[in-house]
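# A look at the structure
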Amino acid sequence: MYSSYQLVLAVGMVITGSINTLSVKWADNLKAKGSDGVERTFDHPFFQSLTMFFGEFLCLLFFKLAYRYHVKRQYPIEDSPIVKGNQQFNPFLFFVPAMFDLVATTLMYIGLTMTFASSFQMLRGAVIIFTAIFSKIFVHRQVSVRHWLGIFTIIIGLATVGISDLLSAGSNSKSTNDIILGDSLILFAQIITAAQMVYEEKYVVSNDIPPLQAVGWEGLFGFLMMGSLLVPFYYINVGPPLATNNSRGVIEDFPEAITQIMNNKWILVALIGNIISIAYFNFSGISVAKEISATTRMVLDSVRTFFIWTFSLAVGWQTFNPLQPVGFLLLLIGMCIYNNLLKAVPRRLRTVVHYPTDEPIIGGEP
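Along each chain, numbering runs from 1 in the same order as the chain's sequence is written. Residue-level local features of this predicted model are given only where pLDDT is at least 70; pairs of side-chain atoms are given and counted only at 80 or more, and the full residue set underlies all totals for whole chains, interfaces and linings. Note that water and hydrogens are dropped before the side-chain values are worked out from all heavy atoms of the structure.

So, about the side chain of N264. Helix and strand definitions here come from DSSP, where helices need a minimum of 4 consecutive H or I residues and strands a minimum of 2 consecutive E residues; each element is numbered from the N-terminal end. Along the chain, the position of N264 falls in the loop between α9 (254–263) and α10 (265–291). Residue burial is assigned from relative accessible area. The probe radius is 1.4 Å, only protein chains are included, and a residue is buried under 20% of its type maximum, exposed over 50%, and partly exposed in between. The class for N264 is buried, based on a relative accessible area of 13%. Whether two residues are in contact is decided by their heavy atoms: any pair within 4.5 Å suffices. Once residues lying within four places of it in the same chain are set aside, the contact partners of N264 are L30, K31 and A32.

Below, the structure is given as structure tokens:
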């Protein structure tokens, strides 16, 4: 039986996890006049990545406030699921995973402008494949037959989702080339995310650092680095697709992003919603893995994928394609096999040698 605290975490993870993707896609679809007076869609993935890291940074501020509150009230630190954990660590331990997160998140946000929100969420399931491979190489974990069977099923599911996207290209005002490039960027980002997870497992998880603090430090480093990169990005000219809706034809036009936000307040609403949901989702997601299990986190993540898909259909962001639910089902089955949730799998395939089911995940998620 779950406690009230665990139920709040689980429900909050599904709701805010869905808002994460939907708010970014909503902002991508909104239009506003830029600095040249021409109305364009809000195509600023690097700026949105900056806001995502700011949302993660809020976790650190909240942790500091909660920690000081416990100390001032003389509440036992170890009795609190929010602040309990090790405080003796070097914050720069989070710089490397923050850089992984920066590259992966930005690539995914660029890809999201070119493809569908539901496909964005489903394709992120590929991270399991690369995490298993990297864990075997760098952490020396043994990958059983069951894991490979789950990975094979996930690959088939990913291929099905990709085919459904291509078949939907003509009926959703998205070109085939954009969808292929968008899906490819999202898939490539999962390689980087997997590297981030393995790094965190090897160097971060063993230190028993509180989840809020871990996410917060990564958010701080990511925010500072992305904020610094926006300066040279303003002067570097590029062509499509990066500058398709950019008046100056540069990688990222920060002043124009602000201008568009001022000209359409709904963009600001979408960004604020993303910042708040990112902060709570990262905390709740890591806390679910720590308080319940990483397997439960995986199941809840699949639930939010379903909500994102149904919402996208309801508001007309995409049309129904029968292959997409098939791909989603295959992805879900593959993840269940990988995490040993299907009792129908033969016992000899479920045997794992020194390979825990619950894989720790610390890094922030968009």
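Now, onward.
Residues belong to one nonpolar core when they are buried, are Ala, Val, Leu, Ile, Met, Phe, Trp, Tyr or Cys, and are joined through side-chain atoms within 4.5 Å. Judged by nonpolar contacts, the single largest core of 57 residues is most densely connected at F42, F46, F47, I154, L158 and I267. The contact partners of I267, leaving out residues within four places of it in the chain, are L30, A32, F42, Q260 and I261. A66, V83, F283 and L300 belong to the second largest nonpolar core, which has 15 residues in total.

Structurally, R297 is set in helix α11 (residues 294–314). Each C-alpha atom, one on R297 and one on V14, is 9.5 Å from the other, the two residues being 283 residues apart in sequence.

A residue's pLDDT is simply how confident the predictor is in it, with values from 0 to 100. With 88% of its residues at a pLDDT of 70 or more, the protein chain shows a mean pLDDT of 84. Within the protein chain, no element has a lower average pLDDT than helix α13 (residues 347–350), which sits at 45, and none a higher one than α9, at 95. Note that residues 344–362 has pLDDT below 50 and, in this model, 44 contacts with residues that lie over four places away or in other chains.

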